[in-house]
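Understanding the architecture of this molecule
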Amino acid sequence: MAESVVTEHPEGDATRRDFIHIAAGAAAAGAGVMVVWPLVNSMNPAADTLALSTVEFDTSKVAEGMQIVITWQGKPVFVRNRTPAELQRVIADNNASDLKEPQTDQERTKEGHEPMLVVIGSCTHLGCIPTFGSGDFGGWFCPCHGSHYDASGRIRKGPAPKNLVVPEYEFTAGSTIRIG
Amino acid sequence: MSGHESTYVPKTGIEKWLDTRLPIVRFGADYLSLPTPKNLNYWYTFGGILTLCLVVQIASGIFLAMNYTPNTALAFASVERIMRDVNGGWLIRYVHANGASMFFIAVYIHMLRGLYYGSYKAPREMIWILGCVIFFLMIATAFLGYVLPWGQMSYWGAEVITNLIGAIPVVGEPVLIWLRGGPAIDNATLNRFFSLHYLLPFVIFGVVVLHLWALHTAGQNNPVGILIPKEREAKDTIPFHPYYTVKDGFAVILFLMLFAVFVFFMPNALGHADNYIPANPLQTPAHIVPEWYMLPFYAILRAIPDKFGGVVAMFGAIGVLFILPWLDTSKVRSMRYRPTMKVFFLIFVAVGLILGWCGAQLPDAPVVPGMPSFTLIDGKLNSYLWLTRLATLYYFAFFFVIMPFVGLKETPLKIPASISEPVLSGPAVMSGAVPADAEKKG
């Protein structure tokens, strides 16, 4: 079988050698990715960072018309107890034409707890904290770049592209919520 | 220059031994004897000043790092300890902080110099592109460094700038979390920012070496903007040393005097008072502003009423510099001989300053207080928002419309045949001048 050790292609190409080159190249590329991946992955959130993922809060502390700011995952969360007038206004605006990300107020609150709005208090434009009760829609206003949110946290005017984010949360017992 | 013959003759035994193994002394000697156009003016001294700036930043930064703690709970206090307790720490920190501003003053003058004299044109495109890479790395490094003291502006600057990444469609959010190392700016972010802030200056140093390599391969431009013919090289060039080492040395001393005025008499004039308040993730400063040298780009970001659009415009404002050599259609390099383009250039400089001014103002504030205004699209016409938009329009028009168009349409002045001619004969006598097309043979 000695003659089969070096098999010449009709054009004179050593196909086995080509195979070895390609296989070695592929192995080197694969090894390169395997080396880089742990490095890239090390920059993802660490386990202890991810562990700080839930927080509990009793919403009965929030008086009508008031807002409380709590921290969750290093970010501010607004808990706002809206007045009947505010609630009426945001529901009337459910189908307003200037909604950039159309959502009804019901989709943003929990059934049976309609006045209580829970949103991440970080402007969806560049992350500033919007000011409470100001702006053209009586919700929040981000003074940095002029984004106006209504009392449902929906973006109505300005550069922000999205509504204030409603985090995952649920009412666990009565008025207590667990975020995350 | 590329054709420059080495004239170095090793004299001592050590030099001879070294020259056949690592000709590093020869490299330095050749650099100093480099034939340099003899008409370089003081705008050309900023290259040397920038080298000094980089050395000052790296040296002062290394010593600051010895006393700095990259931890969210300790960073602010460690910086205050440097200011109060570390021997001479206040000096090193003020030199480092104001040094960044000095670096940017020098780099902007250096870039405008290159723009005015057409230093980006063939055969010097690589010098220009590498310079743009350095500029981009400088911006990144300065931003990362500004975050480290973990004051209010540090924290919120990091929040705003990293949020730009979130504007990228689809992958924005996961990439943002990956960059920050968590759901919000936190200890992981501070740690990696410190690591990268220490790394990037050495990367800049590497690119500076490439920048100079390209410069010495293609040869230096000069205020007249013409190539020096081989046969005139002896007449039109002088050795870099002592002529330009002395000239640069004098400019460096003047520059250091300005630097010293800031460090010793107004060390916080270019900073923001809010950065002396420890970072508070639950409270935004009344007005988030970047350092002065980023204001024009920040203004462009705010001018666009769309998050992703604003990010694209801001990076585009820096990115357009990279393709500049191919946007300019003129065959004449120096704007000394381009009367029309010179006017547009001066407006461009003014627009850059206006953008910087706008970036420091609240977007809705009126430019002329008390003047009645009307609403145009989504903002009052008499507001910094609209002034910024008009300036942004000119910024991009300068590169994409004015440069290609004026280059084709304008009639340049007659360019001299040699760089000595304008000096020796004066502007009135241009008998030996050749038309602009002669530049082609370069």
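Here's what I pulled together on the structure shown here. (Residues numbered from 1 in each chain as written. Chains lettered and ligands numbered in written order. Predicted model: local features only at pLDDT ≥ 70, side-chain atom pairs only at ≥ 80, totals over all residues. Heavy atoms only, no water.)

A word on the sheet that holds strand 5 (residues 131–132) of chain A. All names here are of chain A. Read across the open sheet, the 4 strands follow the order 5-6-7-8; overall the sheet is antiparallel. This sheet does not close on itself; its edge strands, each paired only once, are strand 5 and strand 8 (155–157). Pairing of strand 7 (residues 147–150) with strand 8 involves 2 bridges; the strand directions are antiparallel. Note on strand 8: the bridge partner recorded for Y149 is I155. (Pairing = 2+ DSSP bridges. Helix = DSSP H or I, 4+ residues; strand = E, 2+ residues; numbered from the N terminus.)

So, about the environment of F265 of chain B. Take F265 of chain B: it is sitting in helix 11 (residues 240–265). Separated by 50 residues in sequence, F265 of chain B and L215 of chain B place their C-alpha atoms 37 Å apart.

Taken together, the contacts link 25 residues of chain A with 27 residues of chain B. Together chain A and chain B conceal approximately 2100 Å² of surface at their shared face, both sides included; 64% is due to carbon and sulfur atoms. It is M43, L126 and I129 of chain A in chain A that bury the most area against chain B; as a group they hold 29% of the surface buried on that side. Across the chain A-chain B interface, the total number found is 0 salt bridges. For the interface between chain A and chain B, the tally reads 6 residue pairs in polar contact (both at pLDDT 80 or more). If you list the elements that add at least two residues to the side of chain A that touches chain B, you get strand 2 (67–72) and strand 3 (75–81) of chain A. (Contact = heavy atoms within 4.5 Å. Buried area = accessible area lost by both parts, 1.4 Å probe. Salt bridge = Lys/Arg side-chain N within 4 Å of Asp/Glu carboxyl O. Polar contact = N/O pair within 3.5 Å; in protein donor to acceptor, adjacent residues only side chain to side chain.)

Residues and elements named next belong to chain B. Examined against the element boundaries, D19 turns out to sit in helix 1 (residues 13–19). According to the relative accessible area criterion, D19 is buried, its value standing at 15%. When sequence neighbours within four positions are dropped, the list of residues in contact with D19 reads Y8, P10 and R26. (Buried < 20%, exposed > 50% of the residue type's maximum accessible area, 1.4 Å probe, protein only.)

Let us look at the nonpolar core. Judged by nonpolar contacts, the single largest core of 115 residues is most densely connected at F135, Y395, F398 and F399 of chain B. Considering every element that reaches this core, the biggest residue donor is helix 6 (residues 125–147) of chain B, with 14 residues. Beyond its immediate sequence surroundings of up to four residues, Y395 of chain B is in contact with F297, I300, A317, V320, F348, V351 and L355 of chain B. Membership of the second largest hydrophobic core comes to 13 residues, among which are F57, M116, V118 and I177 of chain A. (Core = buried A, V, L, I, M, F, W, Y, C linked by side-chain atoms within 4.5 Å.)

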